[in-house]
Amino acid sequence: MNLNAYNKKRHFERTPEPISGERWPIFCVHEHAASHHHFDLRLEHQGVLLSWAIPKGPSLNPSQKRLAILVEDHPLEYHNFEGVIPEGNYGAGPVIIWDEGSYLVPGATSKKSVEKAVSEGLKEGRIEIEVRGRKLNGGFLLLKLKNASKENSWLLIKKRDAESEDQNEVTKLNRSVRSNRSIEEIHPHHKKTMPGPIEPMLAHLIEAPFDSDDWLFEIKWDGYRIMAYID
């Protein structure tokens, strides 16, 4: 069989149809409630998953530049992981597969050319990708921060295209695309209890005012002192 005619009629950077004889590399996003709640973007590359931890999660709003910390590579099989990392282990806490699909690089015509572009992008500090997921779609840019305090600091930025949305907070879609479970449903006891009563600091009367170069002073405005808790 000859697939030249099939390939010539399609622009694979613009269609989700399969390219002859191979698949596009996979991507996934894990939601991870470890000691600090975050999301992990993972891109298949040369047999492993390149991984970035994104504290605030991805955004569909091009004006929202999200910090992405490049972490250690993960095994390719990790894209299937959903469950609870037990206490006492690195990254302890529940994990869900928040999104998954495939990705490519604009202009790439094969998986090999995607790998080449990503390898060059890692060296240059600029990786442009197009993802095809259940929650995330369209173009994204991974841009390494120069002169940052940490060498592994990048930004994840949504490109303005048909899939970008200025108002939609996509991280509110908080269920797994595999099991339809939330973090709390995976690990019901993970949620921490609210703290007990905490007394606010109050002003106290003294017999006379004092003056000292070691202190800064401001006017005392009348009002209410309220302790607020977010659940």
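Nothing here was measured: the structure is a model prediction, and the numbers come from that model. (Residues numbered from 1 in each chain as written. Predicted model: local features only at pLDDT ≥ 70, side-chain atom pairs only at ≥ 80, totals over all residues. Heavy atoms only, no water.)

## A word on the overall build of the chain
Step number 1: A count of helical and extended segments in the chain gives three helices and nine strands.
Step number 2: Overall, the chain shows an N-to-C arrangement of helices and strands of α-β-β-β-β-β-β-α-β-β-β-α.
Step number 3: For 231 residues, the compact-globule formula gives about 17 Å, and the C-alpha radius of gyration of the chain, at 24 Å, lies well above that figure.
Step number 4: Referenced to the eigenvectors of the C-alpha coordinate spread, the extents of the chain come out at roughly 95 × 40 × 35 Å. (Helix = DSSP H or I, 4+ residues; strand = E, 2+ residues; numbered from the N terminus. Rg over C-alpha atoms; globule rule 2.2 N^0.38 Å.)

## Re the packing of aromatic side chains
Step number 1: Summed over all chains, the structure comprises five aromatic pairs.
Step number 2: Between Phe 39 and Trp 98 the ring centres are 5.5 Å apart and the planes differ by 80°, which places this aromatic pair in the edge-to-face class. Placement of the pair is Phe 39 in strand 2 (residues 37-45) and Trp 98 in strand 6 (residues 93-104), with a sequence separation of 59 residues.
Step number 3: A relative accessible area of 0% means that Trp 98 is categorised as buried.
Step number 4: Arranged with centres 5.6 Å apart and planes meeting at 70°, the rings of Phe 210 and Phe 217 form a pair that is edge-to-face.
Step number 5: A residue is classified by how much of its surface remains accessible, and Phe 210, at 44% relative accessible area, is partly exposed.
Step number 6: For the cation-ring pair, Lys 158 lies above Phe 140, with the distance from its terminal atom to the ring centre recorded as 5.2 Å. (Phe/Tyr/Trp six-rings, centres within 6.5 Å; stacked < 30°, edge-to-face > 60°. Buried < 20%, exposed > 50% of the residue type's maximum accessible area, 1.4 Å probe, protein only. Lys NZ or Arg CZ within 6 Å of the ring centre and 35° of its normal.)

## Here we look at the pattern of salt bridges
Step number 1: Here the structure, examined in full by the defined rule, presents 11 salt bridges.
Step number 2: One salt bridge in this structure joins Glu 44 and Lys 111, with 3.0 Å as the shortest N-O distance. On the criterion of sequence distance, the pair formed by Glu 44 in strand 2 and Lys 111 in helix 2 (residues 111-124) is long-range, its members being 67 residues apart.
Step number 3: Glu 82 is the partner of Arg 181 in a salt bridge, and the nearest nitrogen-oxygen pair spans 3.7 Å. Placement of Arg 181 in the loop between strand 9 (153-158) and helix 3 (183-186) and of Glu 82 in the loop between strand 4 (66-75) and strand 5 (83-85) is noted, with a sequence separation of 99 residues between them.
Step number 4: Classification of Glu 82 by relative accessible area gives buried; the value is 19%.
Step number 5: Residues joined by salt bridges that share partners form a network here, namely Arg 23, Glu 44 and Lys 111. (Salt bridge = Lys/Arg side-chain N within 4 Å of Asp/Glu carboxyl O.)

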